[in-house]
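The lines below spell out each chain.
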Amino acid sequence: MLNSHKKFIATSATVALATTAIAPFASAEEIRQHQFTDVGPRYDEAVSFLYHYEIVQGKSTTSFGVNSSLTRGDAAVILANTLGLDTENAKDAGFKDLFPRVAGAVNALAAEGIVKGFTSEKFAPNEPISRGAMAQILVLGFGLEDFAAPSPFTDAGGTFQKSIEALYGTGITNGVTKTSFGAVQNIKRGDFANLLYNTIQFIFDNSYFFYAESMELINSSSLSITFDEELAEDLTEEDIADLLLLEMEVAGSDEVVELLPTKITISEDRTSIIVEHADLAGKEGTIFVDDIQAAFDYAKPVATTGSVTLEGFDTPFTFDFDGATETTIKLPATDGVANLNALELEVVDQFTDRQEVTVILESTDVEAAKPGEGLTWGTLVYEDSKWKLVDHPNYDIIPAGNYVLQAPFTDKSNNTVTLTIDITVE
């Protein structure tokens with residue numbers, strides 16, 4: 001059972017096959033038809049499949065080059081496409097003879113330990129690749145080493161022996177004859193297509209996949225996943241952690257990254273799991289598992305700017321939280337008092353229209369106002385994307401002094417932040 005490949009090839013073109021179990025194409029209309037006139041019945045199934053999933057291209061629009069030798073550079077490009085490797089950001093492997101079309105693929109494969117050069121600086125991308133070398137990159141690329149079995153091939157020795165035996169053990173190939181693998185022969189493009197296609201089929205025929213039916217977010221550091229069937233009895237928490245492809249995208253970023261489990265708990269009926277992961281507190285975005293996605297919002301509301309309007313003044317007095325939870329504002333007194341006509345502020349988040357927030361008088365140095373400490377000072381209501389103070393006679397005359405107001409803001413995702421406004425009337 002190949003348990004290790006769901007993650008490894010999940011981002012490649014072949015992942016699309018997981019939903020069809022490498023079934024034949026549903027209809028002729030759905031096939032991305034190739035126009036290669038040199039692809040006969042021996043290669044058509046493999047080439048059609050690989051071309052449809054954009055794993056291979058032809059030497060021209062009408063020729064695949066089935067009888068042409070496959071170059072090392074082209075082999076790298078095809079395998080990197082199949083494995084879905086990041087060819088744009090791969091670390092430079094140090095080969096001086098690479099050209100742009102193959103450089104990313106070779107570097108990505110080298111980073112994974114799948115290919116090597118003839119020397120530290122020479123990869124020889126235009127040289128043909130031998131059948132023995134081809135066996136090695138397929139086995140390393142798909143992790144087939146454990147399937148090695150004694151073969152009848154008299155030429156399966158040296159560096160490529162274990163890789164040839166692995167392909168034989170999987171039944172992916174039977175060699176060029178009953179006793180010869182053709183290890184030193186240059187592999188033809190058509191034969192490589194067949195071997196790669198057979199390898200992909202073997203992976204999916206012998207891999208264990210489980211698929212999420214639903215996902216529920218529990219809190220910022222855990223979630224539950226329910227599967228479409230019971231998990232295999234021999235599948236451990238460690239196996240699931242290795243196989244589970246859980247990803248996330250944080251709001252404001254175009255990058256989807258893996259969300260690694262720190263602990264997995266399997267339900268008694270083995271139909272669901274609870275996944276504990278890195279704490280996402282303070283973040284919002286989307287979590288993905290298989291073809292399911294769930295939006296998360298663990299970010300507290302963020303206050304920005306606000307204003308106070310006083311009787312007798314044409315221009316409002318502004319304040320700015322600047323992303324913090326506290327702000328200060330000084331208001332001018334007229335004859336020892338201020339008449340507050342309006343107070344409003346902006347808090348960035350998702351709220352419910354006409355939602356209300358109670359403002360508490362946390363403290364004051366005004367003796368006449370001290371009986372109100374700890375009690376409701378006023379009410380803010382959310383409308384037109386702003387929080388506005390509900391008018392009340394209490395605001396008509398505010399004696400000079402200091403007033404500390406506090407108000408808790410709770411967004412639609414139940415994230416709460418308490419804001420403090422320190423007002424001085426002087």
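Overview of the structure. This one's a predicted model, so the numbers in the text were calculated from it and none came from an experiment.

## Looking at the overall build of the protein
Okay, step 1: Per the secondary structure count, the protein includes eight helices and 19 strands.
Okay, step 2: For 426 residues, the compact-globule estimate of 2.2 N^0.38 gives 22 Å, and the C-alpha radius of gyration of the protein, at 33 Å, exceeds that figure by more than 25%.
Okay, step 3: The C-alpha extent of the protein, read off along each of the three principal axes, is 105 × 50 × 45 Å.
Okay, step 4: By the burial criterion, 44% of the 426 residues in the protein qualify as buried.
Okay, step 5: Partitioning the intrachain contacts of the protein with sequence separation of at least 6 by distance along the chain shows that 65% fall at a separation of at least 24.

## A look at the nonpolar core
Looking at soluble globular proteins, one finds that nonpolar side chains tend to be buried together.
Okay, step 1: Membership of the largest hydrophobic core comes to 61 residues, with the highest contact counts inside it found for Leu109, Phe142 and Leu196.
Okay, step 2: Among the secondary structure elements, those contributing two or more residues to this core are helix H2 (41-52), helix H3 (72-83), helix H4 (100-111), helix H5 (131-142), helix H6 (161-170) and helix H7 (189-206).
Okay, step 3: Looking at this core, the element that brings in the most residues is H7, giving nine residues.
Okay, step 4: Counting residues in each nonpolar core, the second largest holds 33 residues, with Val347, Leu389, Tyr403 and Ile423 among its members.

## So, H5
Okay, step 1: Helix length check: H5, at 12 residues, gives a terminal C-alpha distance of 16 Å against a target of 16 Å (1.5 Å per residue), a fit within 8%.
Okay, step 2: Counting buried positions over the 12 residues of H5 gives 10, a clear majority of the element.
Okay, step 3: Downstream of H5 by a residue or two, Gly143 has a phi angle that is positive, lying close to 65 degrees.

## Focus: the sheet that holds strand S5 (residues 261-266)
Sheets are built from strands that pair by backbone hydrogen bonding, the pairs being arranged parallel or antiparallel.
Okay, step 1: An order of S1-S2-S6-S5 is seen for the four strands of this open sheet, with the pairing classed as antiparallel. Both outer strands of the open sheet, strand S1 (212-219) and S5, are each paired with one neighbouring strand and no more. Looking at each pair of strands side by side, their axes are set apart by 20 degrees on average, direction ignored.
Okay, step 2: One ladder, built from five bridges, connects strand S2 (residues 222-227) with strand S6 (residues 272-277); its direction is antiparallel. Within the sheet, the bridge partner assigned to Thr226 lies in S6 and is Ser272.

## Considerations on the pattern of salt bridges
Okay, step 1: Scanning all chains against the criterion turns up eight salt bridges.
Okay, step 2: The shortest N-O distance in the salt bridge between Glu346 and Lys386 comes to 3.9 Å. One end of the pair, Glu346, is in strand S13 (residues 340-348); the other, Lys386, is in strand S16 (residues 386-389), and 40 residues separate them in sequence.
Okay, step 3: Judged by its relative accessible area of 31%, Glu346 is partly exposed.
Okay, step 4: A residue is classified by how much of its surface remains accessible, and Lys386, at 27% relative accessible area, is partly exposed.
Okay, step 5: A salt bridge links Glu383 to Arg354; the nearest nitrogen and oxygen atoms lie 2.6 Å apart.

Each value, and the rule that gives it
Residues numbered from 1 in each chain as written. Predicted model: local features only at pLDDT ≥ 70, side-chain atom pairs only at ≥ 80, totals over all residues. Heavy atoms only, no water. Helix = DSSP H or I, 4+ residues; strand = E, 2+ residues; numbered from the N terminus. Rg over C-alpha atoms; globule rule 2.2 N^0.38 Å. Buried < 20%, exposed > 50% of the residue type's maximum accessible area, 1.4 Å probe, protein only. Contact = heavy atoms within 4.5 Å. Core = buried A, V, L, I, M, F, W, Y, C linked by side-chain atoms within 4.5 Å. Expected span 1.5 Å × (residues − 1). Pairing = 2+ DSSP bridges. Axes fitted to C-alpha atoms, helices over the stretch in contact; angles between N-to-C directions. Salt bridge = Lys/Arg side-chain N within 4 Å of Asp/Glu carboxyl O.

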